Amino acid sequence: MSSSDHALMPSTLSSTNATAPRREPQFIRIAETRRKPLRFFLDGQEVAALQGDTLLTAVLMQQRRVRESEFSGAPRAGFCLIGACQDCWMRTEDGKRVRACSTLVTEGMRVLTRPAAAIEADTADRNGDAR
Ligand code: FES
């Protein structure tokens, strides 16, 4: 976490569930709340962040993971927060890889925590769509 990201990290990750992320935050903002707000898209849903947030901070202000492990499917939320461990790689909707802890979130940015097909299936389930 950079010195500009003043957020608290609750002490534990509560879930090893590899299904849709729960929308409870990992981080709670306690300072610098007056920075300019912006909107970005997390798994297709519009959410809020503040200018100067890293992508990792912006995502963990929304939920408890930034991605799922490509090996085990386990939730990952970054580890080092300084660009060294490679635990926070995310994908943009257009397929680019971004390291969440060293990328600033930008207005309108569109990022995925899981493959697009998994997100679409969860959305269909929530909406009661038949497959
Ligand atoms: S959290 Fe370690 S590289 Fe991003």
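Residues numbered from 1 in each chain as written. Predicted model: local features only at pLDDT ≥ 70, side-chain atom pairs only at ≥ 80, totals over all residues.

J.: Describe the pairing of strand β7 (residues 89–92), listing the residues and the values that go with them.
T.: By the bridge criterion, 3 bridges tie β7 to strand β8 (residues 97–99) in an arrangement that is antiparallel. In the sheet register, Arg91 faces β8, and the bridge partner there is Arg97. Taking the residues that link successive antiparallel strands as the turn, the β7-β8 hairpin has 4 residues, and the phi of Gly95 there is positive, at about 95°. Across 2 bridges, β7 lies against strand β9 (residues 110–112) in antiparallel orientation. Bridged to Arg91 within β9 is Leu112. (Pairing = 2+ DSSP bridges. Helix = DSSP H or I, 4+ residues; strand = E, 2+ residues; numbered from the N terminus.)

J.: I'd like a description of the sheet that holds β9, backed by residues and values.
T.: The strand order across the open sheet formed by 5 strands is β4-β3-β9-β7-β8, and the pairing between neighbours is mixed. Strands with a single pairing partner mark the edges of an open sheet, and in this sheet they are β4 (45–50) and β8. Neighbouring strand axes in the sheet, compared pairwise and without regard to direction, differ in orientation by 45° on average. (Axes fitted to C-alpha atoms, helices over the stretch in contact; angles between N-to-C directions.)

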